[in-house]
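Observations on chain architecture
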Amino acid sequence: MATIGILGLQGAISEHVKQIEATGQKAVIVKQVDQLAELDGLILPGGESTTMRKLMDRYGFIEPILQFAKQGKPIFGTCAGMVLLAKKVIGSDTAHLKLIDIEVERNAFGRQRESFEVNIDIKNLEQPFKAIFIRAPNGERAGKDVEVLADFEGKIVCARQKNILVSAFHPELTNDIRILEQFIDMVEESLKTGV
Amino acid sequence: MEKLIATDAVKRGMAQMQKGGVIMDVVNAEQARIAEASGAVAVMALERVPSDIRAAGGVARMADPRIVEEVMNAVTIPVMAKARIGHIVEARVLEAMGVDYIDESEVLTPADEEFHLLKSSFTVPFVCGCRDLGEAARRIGEGASMLRTKGEPGTGNIVEAVRHMRKVQAQVRKLTLMNDDEIMTEAKILGAPYEILKQIKEAGKLPVVNFAAGGVATPADAALMMELGADGVFVGSGIFKSEDPERFANAIVQATTYFTDYDLIGKLSKELGTAMKGIDISRLPQAERMQERGW
C-alpha cells in the first residue's frame, strides 16, 4: 500500500483523503515539512493558490517539495495545485514550484459565475470524465516534454510530465477516482523502480 | 459535451475550495490587498465593517458598487459581498457585477422580515448565517451553497459563535442517530425541510461547507472555532479594527491552519497589540442583536 500525502495548509483536503482511501491507499494530511519523508506521492489540492503559497513560504515547504520531486516521487496538483506546479503563471512575475513545463493562466475561464462542469475525454480513460471547473486555471502552452491528457475549448486542462500530473478541474469533487488511479499507478511505478 | 453552469457541484465546490481559510471583511482596495497578502482565501467587500455599522446605526445596505468594483480590481482571490436579507435586487446587482459569492446577511438591515431569497434561482452562489440546524436546513432548502454559523457581529465577543457552532454540530449528531421514522417529526420541530434532513442524516454531515462568523477577535478565537468543527472562519471587524491589521491578519490565517499547534498560537498572539474592544452581548438591547435577524 502506498502512502499519499495531501498538502494540508488550506483547501479541499478531506475530499482528497476520501478519494485516496477509496483506492485502498493510505492518506496523510501534511502540515509539517518532516511528514514529506514518509510519503510515496504528494497531492497539492484545490484551494486558493495565493493562500497556499503564502503558507508554503512561511513554513518552508518550497525547497523540500522540490527535493521530493527530484527524487522522482510523483506529485499531483488539482486547480490551485496546477498553478503551484506550473513553470510560468501568465500576468504574474512569481511562478511557484516550476515543476511542469506549462504556462498557466489563473481564473482563465472567468469568475465564479462562469464556473462550470462538463464531460470531457481524457487520454487513457475509456469513458468521459465529469470535470468540475471552479475559477479554474488553464494551460496556455506546454513544453515538448509535457504529455497533454485533456484539453477543453483549446486549452490544456490535464497534463503530465514525468512524475508530475496536473488537472485544471477538481476530480476530488466527484466520486470518480479514475484520474487518481492513474496517479496511484505513477506512484507504484516509482516505488517499483526504487527511486 | 454540454457545459453546465451554476450546478450544486460548482456552487458548493467553490466553498469547498475555501476550507481551512480565513475570509476577511474589507472596505477598500488597500485593505483588500493587505488581506490577500496575509493569506486570506477571499475578501468580503463592505461599506462598513459590522462594528461601524453598529456605531453608525440607521439602515445598513449593500455596499456602494464602486467599493465592490474597487475591491474586485485590487485582488485575484474571490470577492464576496453582502446583500440584505430578502433584497432580490441588491443580490441581482451584485451577481451582475460578477462577485464570486453573495452573503445574504443579517449584518445588514433586512429588506424582508418574512422571506429569504430563493438562492437556487441565481447563478452566483450564496452563503447564509444560521443559529441552529433548522435555520441551516431552511437556507440550504432555499439554495444556499455555504453556511456560516452566526455570532454576534461587530462585538469582538466569541460567545455566540461558539453557542451556535456547538448547537448545529450537536443537532447534526443527534439526527444521524435517529431512526428514519423519527425524521419527519424532527423536521416539524426544527422547521426544517424533510428532504434536507434526510440527506444530512445519510451523509452524517451538512451537505455544504460551514464556516464560523461573528465575534472572532483574536488568533485563539479563530483556532477555537476550527477546534469546534468550523470549516473556516470569517473575520469581520477583528482585523482592521486592531492596532496592526497586517500582523493580525497573518496571525489569524496561521492560527486557522495550525489550530491545534498551541505553541504557535501562543507565539502568534504575542505583541499583537490591542484587539478590538469587545461588547458584552447581554448588555446589547434586543433590537441591536443582528443574529436574531433571519427567519
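Thresholds, definitions, all that
Counting from 1, residues in each chain are numbered in the order their sequence is written. Throughout, the order in which chains and ligands are written sets their labels, letters from A for the former and numbers from 1 for the latter. Whole-chain, interface and lining totals are the exception, using all residues; otherwise, since this is a predicted model, local features are given only for residues with pLDDT of at least 70 and side-chain atom pairs are given and counted only at 80 or more. Each side-chain value is worked out from all heavy atoms of the structure, with water and hydrogens disregarded. UniProt positions are given in the numbering used here, feature names are shortened, and annotations may be inferred rather than shown by experiment. Ring pairs are drawn from Phe, Tyr and Trp, using the six-membered ring of Trp, whenever the two centres fall within 6.5 Å, and their geometry is named by plane angle: stacked under 30 degrees, edge-to-face over 60, tilted for the rest. We call a residue buried when its accessible area falls under 20% of the maximum for its residue type, exposed when it is over 50%, and partly exposed in between, using a 1.4 Å probe and counting protein chains only. Two conditions define a charge located above a ring, namely a distance within 6 Å from the ring centre to NZ of Lys or CZ of Arg, and an angle within 35 degrees of the ring normal. Axis lines are fitted through C-alpha atoms, for helices just across the contact stretch, and the angle between N-to-C directions can take any value from 0 to 180 degrees. Counting from the N terminus, the helices are the DSSP runs of H or I reaching at least four residues and the strands are the DSSP runs of E reaching at least two. Angular relationships are summarised with four words: roughly parallel below 35 degrees, roughly antiparallel beyond 145, roughly perpendicular across 65 to 115, and oblique for the angles in between. Should any heavy atoms of two residues lie within 4.5 Å, those residues are counted as being in contact. Ten residue types, Ala, Val, Leu, Ile, Met, Phe, Trp, Tyr, Cys and Pro, are classed as nonpolar, four, Asp, Glu, Lys and Arg, as charged, and the remainder, Gly among them, as polar. Nitrogen and oxygen atoms within 3.5 Å of one another constitute a polar contact, given that in protein one can donate a hydrogen and the other can accept it, and given that sequence-neighbouring residues count only through two side-chain atoms.

In the nomenclature of an unreviewed UniProt entry, chain B is known as Pyridoxal 5'-phosphate synthase subunit PdxS of Peribacillus loiseleuriae. As recorded by UniProt, the Catalytic activity (unreviewed entry) comment attached to chain B reads in full: "aldehydo-D-ribose 5-phosphate + D-glyceraldehyde 3-phosphate + L-glutamine = pyridoxal 5'-phosphate + L-glutamate + phosphate + 3 H2O + H(+)". Checking UniProt for chain B, the heading Sequence similarities (unreviewed entry) contains the comment "Belongs to the PdxS/SNZ family."

Within an unreviewed UniProt entry, the label attached to chain A reads Pyridoxal 5'-phosphate synthase subunit PdxT, and the organism entered is Peribacillus loiseleuriae. The UniProt entry for chain A carries this comment under Pathway (unreviewed entry): "Cofactor biosynthesis; pyridoxal 5'-phosphate biosynthesis." UniProt annotates chain A under Subunit (unreviewed entry) with the comment "In the presence of PdxS, forms a dodecamer of heterodimers. Only shows activity in the heterodimer."

A few words on the packing of aromatic side chains. A complete count under the given rule lists eleven aromatic pairs over all chains for this structure. Ring centres of Phe122 of chain B and Phe126 of chain B lie 4.9 Å apart, and the angle between their planes is 80 degrees; this geometry places the pair in the edge-to-face category. Summarising the burial analysis for this pair, Phe122 of chain B and Phe126 of chain B share the class buried. An aromatic cluster is present here, built from Phe109, Phe116, Phe129, Phe133, Phe152 and Phe169 of chain A joined pairwise through their rings. The ring of Tyr258 of chain B is capped by Lys31 of chain A, whose NZ or CZ atom sits 5.8 Å from the centre of that ring. Above the ring of Phe122 of chain B, the side-chain terminus of Arg92 of chain B is found at 3.7 Å from the ring centroid.

What follows deals with the packing of helix α2 (residues 49-58) of chain A against helix α12 (residues 245-257) of chain B. It is at 12 Å that the axes of α2 of chain A and α12 of chain B come closest, and there the two elements cross at 85 degrees. With respect to α12 of chain B, the element α2 of chain A is oriented roughly perpendicular. Contacts from Lys54, Leu55 and Arg58 of chain A of α2 of chain A reach α12 of chain B at Asn250, Val253, Gln254 and Thr257 of chain B. For the contact of α2 of chain A with α12 of chain B, a count of residues per class yields two nonpolar, three polar and two charged.

Another point: the side chain of Glu104 of chain B. Residue and element names in this part refer to chain B. Along the chain, Glu104 turns up in strand β5 (residues 101-105). Under the relative-accessibility criterion, Glu104 is labelled buried at 1%. Within the local environment of Glu104, its side chain forms a polar contact with the backbone nitrogen of Leu117, the two atoms lying 2.8 Å apart. Other than its neighbours up to four places away in sequence, Glu104 contacts Ala83, Arg84, Ile85, Gly86, His116, Leu117, Lys119, Phe126, Val127, Cys128 and Arg148.

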